[in-house]
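Listed below, chain by chain, are the residues.
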Amino acid sequence: MTFQARPPEPAAAPQTADAALARAGAVLTVDLDALVANWRTLKAQAGGRADCAAVLKADGYGLGAAVVGPTLAAAGCRVFFVAHVAEGLALAPHLPADTTLYILHGCPPGSEAEAAAAGLVPVLNSLEQVAAWSALAARLDRRLPAALQVDSGMSRGGMSPAEVQALADDPDRLAGIDTWLVMSHLACADEPESPMNGQQLAAFRTLRAQLPVTAPASFANSSGVFLGGSYHFDLLRPGAALYGVNPTPGHANPMRPVVRLQGKVMQLREVPAGAAVGYGCTHVTCRPTRVATVSVGYADGFLRSLSGRACAWLGEARLPLLGRVSMDMITLDATDLPADRIAAGTLVDLIDHRRTVDAVAAEAGTIGYEILTSLGPRYLRRYVGGTR
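Residues numbered from 1 in each chain as written. Predicted model: local features only at pLDDT ≥ 70, side-chain atom pairs only at ≥ 80, totals over all residues. Heavy atoms only, no water.

Participant: Quick question: what am I supposed to make of unusual backbone geometry here?
Facilitator: The bulk of non-glycine residues show a negative phi, and the bulk of peptide bonds are trans. In this model, Asp141 sits at a positive phi of 55°, which is unusual for a non-glycine residue. Looking at where Asp141 falls in the secondary structure, it is placed in the loop between α7 (127-140) and β7 (144-149). For Asp141, a relative accessible area of 69% puts it in the exposed group. One non-glycine residue, Cys281, adopts positive backbone phi at about 50°. Mapping Cys281 onto the fold places it in the loop between β12 (276-277) and β13 (283-284). Cys281 gets classed as partly exposed once you look at its relative accessible area, which sits at 48%. (Helix = DSSP H or I, 4+ residues; strand = E, 2+ residues; numbered from the N terminus. Buried < 20%, exposed > 50% of the residue type's maximum accessible area, 1.4 Å probe, protein only.)

Participant: Could you clarify how one ought to interpret α7 in this entry?
Facilitator: For an α-helix, the turn length of 3.6 residues means that residues three or four places apart are oriented alike. Compared with an ideal rise of 1.5 Å per residue, which puts 14 residues at 20 Å, α7 spans 20 Å between its outermost C-alpha atoms and is within 8% of the ideal. Every buried residue of α7 is listed here: Leu127, Gln129, Val130, Trp133, Ser134, Leu136 and Ala137. Buried-residue contacts for α7 involve α6 (112-117), β6 (121-124), β7, α8 (161-169) and β8 (177-183). Backbone geometry just after α7 places Asp141 at a positive phi near 55°. (Expected span 1.5 Å × (residues − 1). Contact = heavy atoms within 4.5 Å.)

Participant: Sorry, what's going on with helix α10 (residues 357-364) here?
Facilitator: Taken as a whole, α10 has its buried residues at Val357, Val360, Ala361 and Ala364. Along the axis of α10, the buried positions cluster into a sector of 100°, meaning they face one direction only. The elements touched by buried residues of α10 are β11 (259-271), β18 (347-351) and α11 (368-374). (Arc of directions from axis to C-beta.)

Participant: Can you help me understand the nonpolar core in this one?
Facilitator: The tendency in soluble globular proteins is for nonpolar side chains to be buried side by side. Among the nonpolar cores identified, the biggest contains 116 residues, and Leu56, Leu63, Leu72 and Phe81 are the most heavily contacted of them. Of all the elements, helix α2 (residues 32-44) adds the most residues to this core, at six residues. When near neighbours in sequence (up to four residues on either side) are disregarded, Leu72 contacts Leu35, Val36, Trp39, Ala54, Leu56, Cys77, Phe80 and Leu242. Membership of the second largest hydrophobic core comes to five residues, among which are Val271, Ala275, Val277 and Leu322. (Core = buried A, V, L, I, M, F, W, Y, C linked by side-chain atoms within 4.5 Å.)

Participant: Whenever I open this one, the packing of aromatic side chains confuses me. Can you help?
Facilitator: Working definition: an aromatic ring pair is given by the centre-to-centre distance plus the angle between the planes. Overall, the coordinates contain seven aromatic pairs when judged by the stated rule. Centroid distance Phe204 to Phe233: 5.1 Å. Interplanar angle 80°. Geometry classified as edge-to-face. Of this pair, Phe204 sits in helix α9 (residues 195-210) while Phe233 sits in the loop between β9 (217-218) and β10 (235-236), and the two are 29 residues apart along the sequence. The exposure classification of Phe204 matches that of Phe233, with both residues buried. On the numbers, 6.1 Å between centres and 5° between planes, the contact of Phe219 with Tyr231 is stacked. With a gap of 12 residues between them, Phe219 in the loop between β9 and β10 and Tyr231 in the loop between β9 and β10 connect regions that are remote in the sequence. For Tyr231, a relative accessible area of 9% translates into the label buried. Pairwise contacts between aromatic rings join Phe204, Phe219, Tyr231 and Phe233 into one cluster. (Phe/Tyr/Trp six-rings, centres within 6.5 Å; stacked < 30°, edge-to-face > 60°.)

Participant: Looking at this model, I keep getting lost on the pairing of β6. Mind explaining?
Facilitator: The side chains of a regular strand alternate between the sheet's two faces. With burial as the criterion, each face of β6 is covered, one bearing Val121 and Val123 and the other bearing Pro122 and Leu124. Sheet analysis places strand β5 (residues 100-103) next to β6, joined by two bridges and oriented parallel. If you follow Ile103 over to β6, its bridge partner there is Pro122. With α6 bridging β5 and the parallel β6, this β-α-β connection has right-handed handedness. A crossover links β6 with its parallel partner β7, the connecting element being α7, and its sense is right-handed. (Pairing = 2+ DSSP bridges. Right-handed = clockwise from strand over helix to strand, strands pointing away.)

Next up, the structure:
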């Protein structure tokens, strides 16, 4: 069998906003004014006694670090954190020259020189990372900035008490390193009554005092900001709260919602009572039903665990999800809507002020962090507000 080459493609149509919306299966709208308001709310918790950074790892928690970062910088934020060197290299060109960009995981072996050349500041989590950064400083014959992270009880990232003691016993291990920050991370900040918070605070103070350097300190993550002034130190380090996730579970959310997710109806069909809907036939209609199929699925971060639990909204009408979430589609019950209210191309709300990131997370049996960072690349991202 032979195959003929495809004819030349016609010239591409202009890339207009209307064309982008027409071809999109779903739309993710990011409210940059709400983002900035959240940063200011968090900063205000310190009453001017501490600065407020912004954590932009996982591409700004799924919202686009290259837009989120400059927006917060324009509002006055001057300290940012990402997880990986690759994230830092991608973000750095979008930030003003007078900002500091920390790499939470430090530098993997072999990436130190590239990070230093880009002006990235690693968070050193181990004696091995300290040694590699010090050795690079010696080769370059100049001092290099870094943060030191100590493990105050989470047993995850950061130097153990034994490693901190090794630095105390041999300060020359830090030769060539300018320590700009000493930090640690809270394990249970979203549980204010947990005794772990106080235990970690005491451990952090002890470990910080042992270090043979004096530097500003950072301890409070999103929920830690609301534990009180003793947790604030010199720099707040919020992440998810910036993007609207509630940092005070069980209480009213002090953050403004930042995201709105709308899925697009791809088709409507009328099915009789007794019809099976979706994979596994897990839903069987009990009445004649108008099924709206929407172009969103677990490949887009609309998690499969939302099957049979989630809903969408169209105006004030609630549209229950029928059956399972599949890779690229969900099915909604639109029976109670007037026929002229919904058609192919109609956008329905999957996340908004009524059904927040945290509410969707509760339905999925997870946390708002996972919902945000799972938001897929196929969404058309639209940004409103801000000073881009």
